[in-house]
Amino acid sequence: QALEDQYSPSRWSPRLDRDTIIDAHLAVTAAGTERARASAQTLLHVPYGTGDGEKLDIYFPTDSSETFPVLVYIHGGYWQCLSKDDSGFAAPPLVSQGVAVVAVGYDTAPKGRCCPAEAAAACMAQRPPALPFVLSLGHMDAMVLQVRRSLAFLVERYPRIRGIYLCGHSAGAHLAAMVLSTDWMEFQVMPDIKGVVLVSGVYDLEPILHTYVNDALNMSREVAQRNSPMRHVTLAVPAACEVLVAVAQHDSPEFRRQSQEYSQALRAAGWSVSLLDLAGVDHFDIIEKLSEDSYILTQVGRRAMPRR
C-alpha cells in the first residue's frame, strides 16, 4: 500500500483532490494543444512506422526556411494513456522563437486504469507495432524502441533540423532517459541530441512491479530491469548532451528520490546534468505550465536552444 501511495501522483497535489486533478490535467493539455494547432503551421499524424500508434505531430517554427532546432516531446500517462493528440500545448512559446516542436505517439499499454473503457477497446483493436521482432502492443520494450525509431525517422526525413532536444514528462521522461542509452549503430543514424529535459520521471521500474501500474503493463522483473534508465547509465562521450532533471515540490517522496538518484548517477558517469527542484508545482502543472512564456522551464528550454 505504501508503494501504491508513492506511485499515485494524484494523491500528492495540494491544488485539487485526486478524483479531479487528472481530468483537469487532460482538459488543460487538450485546450493548449487546440490553441497550438490553430496558431502554428502543422503536419499532423506523420507516420514514422506502420503501426497505428507510430505517428508524429509536427509544429513548425514561424520562419522554417532555414535550419532550426527541434524539441521532441514525449507524453506521460504511465505508459497506458494520454497521447500525442494532447501533447502540443508547449509549442506556441517555442515556435514563435524559431524552434520546431514534435509530439511523439507510441502504442500505450491496453486497458490502463486511467483510460476510458472505449479507449482501452480501441487500443486492443490496434495492430501490433511494426518492429524488427515480435512484441505485443504496449509492451515496454516496444514503447522504448518506438521512441528511438521516431528520432531516427526525424533525422532521415528532415535534414533541416539543427539539433534535437528531448523533453519527457513522467512516463515520457522515462522513455526519453532510455534514449540516452541507445546504441545508434543499430539504427544506422546518429541523432544530434544536444539536450534532454526529464520532468517528474521514473528511472527505476522495479518498484512499479508492486503497484497497480503494472496491472496494464504486465512487466516481469527482467523487463523492468532491462528498461530502467538507472540500470543503463552509460559513460558520457566528450560531446554528450546536457541533461536537466526537473522534479516538483509536490511530487511524491519516491518520485523525488528517483530524480535525485538518477541525476547523481548521470553525474558520476561524466554527464553534464542539473537537478531543478521546482517550488509550488505538482506532478501535473509542472508540465502544463510549459505553455507559459514566463515559466522557468520554458525559459530554460528556450535559452538552451539557439535559433540560428
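Residues numbered from 1 in each chain as written. Predicted model: local features only at pLDDT ≥ 70, side-chain atom pairs only at ≥ 80, totals over all residues. Heavy atoms only, no water.

In the annotation of an unreviewed UniProt entry, the chain is listed under the name KFA formamidase and assigned to Chaetops frenatus.

## With respect to the pattern of salt bridges
Overall, the coordinates contain 16 salt bridges when judged by the stated rule. Close ionic contact of Arg37 with Asp85 constitutes a salt bridge, the shortest N to O distance being 3.6 Å. Note that Arg37 is positioned in helix 2 (residues 21-39) and Asp85 in the loop between strand 3 (68-74) and helix 3 (91-95), a separation of 48 residues in sequence. A relative accessible area of 34% places Asp85 in the partly exposed class. When the shortest N-O distance is used, the salt bridge between Lys84 and Asp57 registers 2.9 Å. With Lys84 in the loop between strand 3 and helix 3 and Asp57 in strand 2 (residues 55-60), this pair connects stretches of sequence that are 27 residues apart. (Salt bridge = Lys/Arg side-chain N within 4 Å of Asp/Glu carboxyl O. Helix = DSSP H or I, 4+ residues; strand = E, 2+ residues; numbered from the N terminus. Buried < 20%, exposed > 50% of the residue type's maximum accessible area, 1.4 Å probe, protein only.)

## Structural notes on the nonpolar core
Ranked by size, the top nonpolar core spans 65 residues in total, and within it Trp79, Leu198 and Val243 carry the most contacts. Considering every element that reaches this core, the biggest residue donor is helix 5 (residues 140-157), with nine residues. With sequence-adjacent residues up to four places away left out, Trp79 is seen in contact with Thr108, Ala109, Met140, Met143, Ala171, His174, Leu175, Val202, Leu205, Val213 and Leu217. Counting residues in each nonpolar core, the second largest holds 27 residues, with Cys167, Val199, Ala248 and Met305 among its members. (Core = buried A, V, L, I, M, F, W, Y, C linked by side-chain atoms within 4.5 Å. Contact = heavy atoms within 4.5 Å.)

## Examining helix 9 (residues 253-268)
Taking 1.5 Å of rise per residue, the 16 residues of helix 9 would be expected to cover 22 Å, and the 22 Å separating its terminal C-alpha atoms lies within 8% of that figure. Along helix 9, the residues that are buried comprise Glu254, Phe255, Arg256, Gln258, Ser259, Tyr262, Ser263 and Leu266. Where helix 9 is buried, its residues contact helix 1 (2-6), helix 6 (171-179), strand 6 (193-199), strand 7 (242-248) and strand 8 (272-278). Looking one or two residues past helix 9, Gly270 carries a phi angle of roughly 95°, positive in sign. (Expected span 1.5 Å × (residues − 1).)

## Description of the confidence of the model for the chain
When pLDDT is averaged along the chain, the result is 89; 90% of the residues meet or exceed 70. Every residue in residues 111-134 scores below 50 in pLDDT, and together they form 43 contacts with partners more than four places removed in sequence or on other chains. (pLDDT = per-residue confidence, 0-100.)

## So, the side chain of Thr29
Within the secondary structure, Thr29 is located in helix 2. With near-sequence residues (within four places) excluded, Thr29 lies in contact with Asp86, Phe89 and Glu288.

## Some remarks on the sheet that holds strand 2
Spatial ordering of the open sheet is given by 1-2-4-3-5-6-7-8, a layout of eight strands whose pairing is mixed. In the strand order of this sheet, the two ends are held by strand 1 (41-47) and strand 8, each with one partner. Direction aside, the axes of adjacent strands within the sheet are offset by 15° on average. As paired elements, strand 3 and strand 5 (residues 161-169) share six bridges and run parallel to each other. (Pairing = 2+ DSSP bridges. Axes fitted to C-alpha atoms, helices over the stretch in contact; angles between N-to-C directions.)

## Remarks on helix 11 (residues 296-304)
Taken as a whole, helix 11 has its buried residues at Leu297, Thr298 and Gly301. Down the axis of helix 11, the sector holding all buried residues measures 100°, keeping them to one side. In this fold, the buried residues of helix 11 make contact with helix 3, strand 6, strand 7, strand 8 and helix 10 (285-288). (Arc of directions from axis to C-beta.)

## Considering the side chain of Ser13
Here Ser13 lies in the loop between helix 1 and helix 2. Side-chain polar atoms of Ser13 contact the backbone nitrogen of Arg15, separated by 3.1 Å. Within the structure, the side chain of Ser13 is placed 2.6 Å from the side chain of Asp282, a separation counted as a polar contact. (Polar contact = N/O pair within 3.5 Å; in protein donor to acceptor, adjacent residues only side chain to side chain.)

## Some words on the packing of aromatic side chains
A full pass over the atoms with the stated rule returns eight aromatic pairs. Between Phe60 and Phe68, the aromatic rings sit 6.4 Å apart at their centres with planes inclined by 90°, giving edge-to-face as the arrangement. Measuring from ring centre to ring centre gives 6.3 Å for Phe60 and Tyr158, while their planes differ by 65°; the resulting arrangement is edge-to-face. With a gap of 98 residues between them, Phe60 in strand 2 and Tyr158 in the loop between helix 5 and strand 5 connect regions that are remote in the sequence. (Phe/Tyr/Trp six-rings, centres within 6.5 Å; stacked < 30°, edge-to-face > 60°.)

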